[in-house]
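# Commentary on secondary and tertiary structure
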Amino acid sequence: MKAITIVFIAGCGLLSAGAPEGKAVFAAKCQPCHGPNGEGKAAIAKMYNVEMHLLASKEIQSKSDADFKKTITAGQGKMKPVSGLTDKQIEDVIAYVRTLK
Ligand code: HEC
C-alpha cells in the first residue's frame, strides 16, 4: 500500500512537472498544425485532405502514451514524424496533450 502511494505521488509529480514544459514544446512543434488547443487547423486539414481530430476528444485521449509517442516519432497517416525532440520533450508534450481533455 505504501509503495502504491509513493508511485502515485511520483506519477503526479511527473505530470505536473512535465506539462508546463510540454506546453512550450507543443507551441513550437505541434501548434502550427494542431492549433493552440489541439483543435486542428482548418488550413492544414485542407492541405493534407484529412479530418483532424480534436486532441482533447475522448477518442484521442483514450490512446495510450505509447500510441502518442509512436505518432510523434514515427508519424501517423498524413502526419510526418516530428524530429528534433528528446525523449524528455516527447514525455513532456504528451503530458501537456493530456491536460487538453
Ligand atoms: C506538419 C503538421 C503537423 C505537425 C507539426 C504535427 N502534427 Fe499531429 N497530425 C497532423 C495531421 C495532418 C494529422 C492527421 C493524420 C491523419 O489522420 O492522416 C495528425 C495526427 C495526430 C495525432 C493522431 C490523431 C488521430 O486522429 O488519431 C496525434 C495524437 C498528433 N497528431 C499529435 C501531434 C503532436 C503531439 C505533435 C507535436 C509533437 C504533432 N502532432 C505535430 C499534422 C501535424
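Structural notes, computed from the coordinates.

### So, the site of the ligand
- Around the ligand there are 22 residues in total, and Cys 30, Cys 33, His 53, Gly 77 and Met 79 lie nearest to it.
- Those elements giving two or more residues to the shell around the ligand turn out to be helix 2 (31-34), helix 3 (42-48), helix 5 (65-74) and helix 6 (87-99).

### Focus on the packing of helix 5 against helix 6
- Remark: helix 5 packs on helix 6, axes separated minimally by 10 Å, with the N-to-C direction vectors making an angle of 120 degrees. The pairing of helix 5 with helix 6 is recorded here as oblique in orientation. Helix-helix and strand crossings are classified by hand; for helix 5 and helix 6 the assignment is right-handed. Residues Asp 65, Phe 68, Lys 69, Ile 72 and Thr 73 of helix 5 lie in contact with helix 6, whose contacting residues are Ile 90, Ile 94 and Val 97.

### Here we look at the nonpolar core
- Core analysis: the biggest nonpolar cluster contains eleven residues, these being Val 25, Phe 26, Cys 30, Leu 55, Phe 68, Ile 72, Val 93, Ile 94, Ala 95, Tyr 96 and Val 97.
- For this core, the secondary-structure elements that each account for two or more residues are helix 1 (2-29), helix 5 and helix 6.
- Ranked by the residues each element gives to this core, the list is headed by helix 6, at five residues.

### What to know about helix 6
- For helix 6, spanning 13 residues, the distance from its first C-alpha to its last is 19 Å, which sits close to the expected 18 Å at 1.5 Å a residue.
- Listed in full, the buried residues belonging to helix 6 are Gln 89, Glu 91, Asp 92, Val 93, Ile 94, Ala 95, Tyr 96 and Val 97.

### With respect to the environment of Glu 51
- Relative to the assigned elements, Glu 51 resides in the loop between helix 3 and helix 4 (58-61).
- With 7 C-beta atoms counted inside 10 Å, the residue Glu 51 sits in the exposed group.
- For the pair formed by Glu 51 and Gly 40, sequence separation is eleven residues and the distance between their alpha carbons is 8.6 Å.

### Regarding the environment of Ala 19
- One can find Ala 19 in helix 1.
- Residue class for Ala 19 comes out partly exposed when judged on the 19 C-beta atoms lying within 10 Å of it.
- Sequence spacing of Ala 19 and Val 97 is 78 residues, and the spatial spacing of their C-alpha atoms is 8.1 Å.

### Focus on unusual backbone geometry
- For Asn 49, which is not glycine, the phi dihedral falls at a positive 55 degrees.
- Assignment of secondary structure puts Asn 49 in the loop between helix 3 and helix 4.
- Its 7 C-beta neighbours within 10 Å are what place Asn 49 among the exposed residues.

Definitions and cut-offs
- Residues numbered from 1 in each chain as written.
- Predicted model: local features only at pLDDT ≥ 70, side-chain atom pairs only at ≥ 80, totals over all residues.
- Near = placed C-beta within 6 Å.
- Helix = DSSP H or I, 4+ residues; strand = E, 2+ residues; numbered from the N terminus.
- Axes fitted to C-alpha atoms, helices over the stretch in contact; angles between N-to-C directions.
- Parallel < 35°, antiparallel > 145°, perpendicular 65-115°, else oblique.
- Left-handed = near helix turned anticlockwise from the far one by under 90°.
- Contact = placed C-beta atoms within 7 Å.
- Core = buried A, V, L, I, M, F, W, Y, C linked by C-beta atoms within 7 Å.
- Buried ≥ 20, exposed ≤ 12 C-beta atoms within 10 Å, placed from the backbone.
- Expected span 1.5 Å × (residues − 1).

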